[in-house]
Amino acid sequence: MHKIVQLAGNNEIHCMKHKELLTFFENADVRIAGLIAGIGELHPYHEQDLFEAMISSLISQQLSTKASATIFSRFKQHFNGILDPGILLNTSLEEMRTLGISRQTCTYIHDVSKHFLEKPEMFEQLEELDDEEIISNLIAIKGVGRWTAEMLLMFTLQRSDVFPVDDLGIQQSMISLYQLDSKPAKSELIQLSKAWIPQ
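Keep in mind that what you see is a predicted model, and the values were worked out from it rather than measured. (Residues numbered from 1 in each chain as written. Predicted model: local features only at pLDDT ≥ 70, side-chain atom pairs only at ≥ 80, totals over all residues. Heavy atoms only, no water.)

Scanning the protein from terminus to terminus reveals 13 helices and 0 strands. Ordering the α and β elements of the protein from the N terminus gives α-α-α-α-α-α-α-α-α-α-α-α-α. Compactness check: the protein gives a C-alpha radius of gyration of 18 Å against a globular reference of 16 Å for 199 residues, within 12% of the reference. Along the first, second and third principal axes, the C-alpha set of the protein runs to 50 × 35 × 30 Å. Looking at the protein as a whole, 44% of its 199 residues are labelled buried. For the protein, long-range pairs separated by at least 24 residues make up 58% of all intrachain contacts whose partners lie at least 6 apart in sequence. Per element, the accessible surface of the protein, about 11,000 Å² overall, is 50% carbon and sulfur. A gap of 7 Å separates the mean positions of the 17 positive and 27 negative side-chain charges of the protein. (Helix = DSSP H or I, 4+ residues; strand = E, 2+ residues; numbered from the N terminus. Rg over C-alpha atoms; globule rule 2.2 N^0.38 Å. Buried < 20%, exposed > 50% of the residue type's maximum accessible area, 1.4 Å probe, protein only. Contact = heavy atoms within 4.5 Å. Areas by Shrake-Rupley, 256 points an atom, 1.4 Å probe, with all protein chains shown as cover. Lys, Arg positive; Asp, Glu negative; His and termini not counted. Charge placed at Lys NZ, Arg CZ, Asp CG, Glu CD.)

Written out as structure tokens, the structure reads:
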């Protein structure tokens, strides 16, 4: 349930105090309001560095939260706490593989690094684009799918109206919270999420 509250409390709403956030959802979606009241004050997560966030997202694909956090921490420590696209691009796949990362993910890391080096203007101009334009730009990079792009929109670019309907955690939480069928249609989840759109 925490993940769905984290999503609902995204971006512009982050600026609200806890009481204001609770009031917003009491008017918009009483079930989310109940979750917030039960969990207490929210402390939203924000990744400020886009390149580092992308590398973290690539490493975390198909891994548990605990496993991905351990591997990413090891990866970052290996590079003395600083992830630089030039250094990563010049690091062999074999060296990265020793850190517990799959060969395929290593190739994705190289591709992201190459894009940052060869097309810096693309990343510099992301703030000027709408959400779907950003997604289109990001998914052109190997290893970056829509889900990864949506995570970057929410937690790095701080966009206020993003609903990652393909996220399994979100789906499971909504099934439980709204007592839905075990495999609800995505259109049903999207319809429910419309109540969360920032005003």
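After that view, the rundown keeps rolling.
Moving on to unusual backbone geometry. Across residues other than glycine, the phi torsion is negative in most instances, and most of the peptide bonds are trans. Of note, the phi angle at Q158 is positive, near 55°, even though the residue is not glycine. Summarising the element assignment, Q158 is placed in the loop between α11 (146–155) and α12 (168–177). A positive phi angle, near 55°, is found at Q179, a position not held by glycine. Among the structural elements, Q179 can be located in the loop between α12 and α13 (186–193).

On to the nonpolar core. Within the largest apolar cluster, 38 residues are counted, with the highest numbers of intra-cluster contacts made by M54, I55, F75, I109, V112, F123 and L138. Taken together, the elements giving at least two residues each to this core come down to α4 (50–60), α5 (65–78), α7 (93–97), α8 (103–118), α9 (120–124), α10 (131–138) and α11. For this core, the element with the highest residue contribution is α4, accounting for 7 residues. Those residues within four positions of L138 in sequence are excluded, and the remaining contacts are M54, F123, L126, V144, A149 and L152. Core analysis: the next-biggest nonpolar cluster, separate from the first, contains 17 residues, L21, I36, M174 and W196 among them. (Core = buried A, V, L, I, M, F, W, Y, C linked by side-chain atoms within 4.5 Å.)

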